[in-house]
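Each chain, written out:
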Amino acid sequence: MTARHATRLRWIPPSGLAAGHLAHGASWVLLGALGLRDTIGWSLPALAWVHTVALAWVSLVALCVLLHVIPEFCDTAWRGPVVARTAIGVFAAGSYLLVWGFWKAEATFLVVGAITAGFGLLLYLFAAFATLISAAPQPVTRAIARALTVVLSFFAITAGLGVRMAVALTHARSWVQLLSHLAQVHAHLGGVGWLSLLIMGVSMRTLGPIAGRRPRNALIHRVSGAGSSAGVVALSLGILLQLPALEWFAGMLLAAALVLYLAELFGVLAHAPVRHRPPQAFLAAAGMWLGLTIALGLGVLAGRPLQSAYVACALLGWIGQMVVGHLHHIGVRVLVTTVRGDDDETRPGELLAAPLSWATFGLFQAGVALTVLGAAIQLSTAVIAAGMIGLAGWLIMTANVLYAWRMARHQPGLTATAGLW
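Caption draft 1: Summary view of the overall build of the protein. What the protein contains, in helices and strands, is 13 helices and zero strands. In the protein, the succession of helices and strands from N to C terminus is α-α-α-α-α-α-α-α-α-α-α-α-α. For 421 residues, the compact-globule formula gives about 22 Å, and the C-alpha radius of gyration of the protein, at 20 Å, lands near that figure. When the backbone C-alpha atoms are referred to their principal axes, the protein occupies close to 60 × 45 × 45 Å. Relative to its 421 residues, the protein shows a buried fraction of 55%. Looking at the protein alone, contacts between residues at least 24 apart form 78% of all its contacts between residues at least 6 apart.

As structure tokens, then:
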């Protein structure tokens, strides 16, 4: 293997990001269809939308990004990089089959999709855990490796529960019987233990290139991460054991830990010297949606019928906008290096069209707001409008990516020593 090929294997695969981007667009189409079919609440089509966002879009993109994050943050090389990359393709195929099974209420597609996605994840984790064990012996890299191991372990448990429930759905007299305690644990382990903790950890490093500075107090970050991890475990136990007091304790612990993270995030963004503002705006918006998610989650604990709004705000607002913000930086960096080679260091702001970036930002925030509102009050027209607006934002974002691709091909590049992060 040549040195150049080894370097390429450490990069983020554009095909995986493209597949995730297509799932993002599909999520807005499905959202509008949910409104048209008046199936906003808990239903099989609604679960198709949830898994389109959580699996086929966000988790797929996350697994692709981790191909670069794990060796970069842990100062090591992938053990079994071909296995990991192949696993991403298997995971993507399974995720799409699972979504189709939910949408069409087809048990065969649902089970096969769940098992395929689970098998793909298992392959990926085999390579990932082997790589994390080999992290450089420095205290910082070891700490990062432990944190990533915890996050990926949450994902493994989430996937295991998901496969179990998918198989059980085919034998249950009514699928509604399964949307109880186990499904809530599945959702929280995936949304908080896997996706939120991953975002919180990775963003502490990505804020460097996106905003130009990072949080200075590492203790706050450690407390926030530990509190979130402990909180989601306690919440899961409280749900399983039906202990309201434990659920409330865990909910308050989670809220406090997430507020600490928001204080770090907004503290950095408020004084960001980098002048490419759209990614920062997406991160700030994601932080505000996280604040609303916390409030909605506490409302659910208090017995308010806000479950649908809580899930929508967490997935599409907090997690989704954070991913879109990072794609306006990382995604463009992957694109430009694909065109010009790994040594090119052109900044995303030099390639993206600012009016298109801001139009995407505005449309996505409007789409999220209408989705949360429609889910909260069960208003189908709001959800239909959200799907249309969000799809328009996605099309503009796609046009912006194509514009950046054209610019990368026809403008001279810049070679420097700065890295992706």
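Caption draft 2: Structural detail: the packing of aromatic side chains. If you walk through the whole model with that rule in mind, you get seven aromatic pairs. Relative to Tyr124, the ring of Trp78 lies with its centre 5.8 Å away and its plane at 65°, an arrangement referred to as edge-to-face. Residue Trp78 is located in the loop between helix H3 (44-74) and helix H4 (81-104), and its partner Tyr124 is located in helix H5 (residues 107-133); the two are separated by 46 residues in the primary sequence. The buried category is assigned to Trp78, whose relative accessible area is 9%.

Caption draft 3: How the structure looks around the environment of Asn400. Along the chain, the position of Asn400 falls in helix H13 (residues 380-410). Residues Asn400 and Arg333, 67 residues apart in the sequence, show an inter-C-alpha distance of 14 Å. Contacts of Asn400, omitting those with residues within four sequence positions, involve Leu352, Ala353, Leu356 and Ser357.

Caption draft 4: Molecular detail of the packing of helix H12 (residues 354-377) against H13. Where H12 meets H13, the closest approach of the two axes is 8 Å, and the angle between their N-to-C directions is 160°. Relative to H13, the element H12 lies roughly antiparallel. Taken as a pair, H12 and H13 cross one another with a handedness that is left-handed. Of the residues assigned to the contact of H12 with H13, the class counts are 17 nonpolar, eight polar and no charged.

Caption draft 5: Layout of the nonpolar core. Core analysis: the largest hydrophobic core is formed by 125 residues, its most contacted members being Tyr124, Trp194 and Tyr261. The element contributing the most residues to this core is H3, with 23 residues. Ignoring any residue separated from it by four or fewer positions in sequence, one finds Tyr261 in contact with Ile199, Met200, Ser203, Met204, Ser224, Leu290, Trp318 and Met322. In terms of nonpolar packing, the next biggest core, distinct from the first, is built from eight residues, Leu335, Val336, Met407 and Ala408 among them.

Caption draft 6: Molecular detail of the environment of Asp75. Within the secondary structure, Asp75 sits in the loop between H3 and H4. Sequence spacing of Asp75 and Gln138 is 63 residues, and the spatial spacing of their C-alpha atoms is 9.3 Å. Beyond its immediate stretch of four places on either side in the chain, Asp75 contacts Ile70, Ala136 and Thr141.

Caption draft 7: Structural view of unusual backbone geometry. The phi angle at Ala105 is positive, at roughly 55°, despite the residue not being glycine. Checked against the element boundaries, Ala105 lands in the loop between H4 and H5. The class for Ala105 is exposed, based on a relative accessible area of 52%.

Caption draft 8: How the structure looks around the side chain of Thr360. Along the polypeptide, Thr360 turns up in helix H12. By relative accessible area, which is 0% here, Thr360 ends up buried. Once you skip the residues sitting within four places of it in the chain, Thr360 turns out to touch Phe282, His328, Gly393, Ile396 and Met397.

Thresholds applied
Residues numbered from 1 in each chain as written. Predicted model: local features only at pLDDT ≥ 70, side-chain atom pairs only at ≥ 80, totals over all residues. Heavy atoms only, no water. Helix = DSSP H or I, 4+ residues; strand = E, 2+ residues; numbered from the N terminus. Rg over C-alpha atoms; globule rule 2.2 N^0.38 Å. Buried < 20%, exposed > 50% of the residue type's maximum accessible area, 1.4 Å probe, protein only. Contact = heavy atoms within 4.5 Å. Phe/Tyr/Trp six-rings, centres within 6.5 Å; stacked < 30°, edge-to-face > 60°. Axes fitted to C-alpha atoms, helices over the stretch in contact; angles between N-to-C directions. Parallel < 35°, antiparallel > 145°, perpendicular 65-115°, else oblique. Left-handed = near helix turned anticlockwise from the far one by under 90°. Nonpolar A, V, L, I, M, F, W, Y, C, P; charged D, E, K, R; others polar. Core = buried A, V, L, I, M, F, W, Y, C linked by side-chain atoms within 4.5 Å.

Remember that the coordinates give geometry; whether it matters functionally is a separate question.
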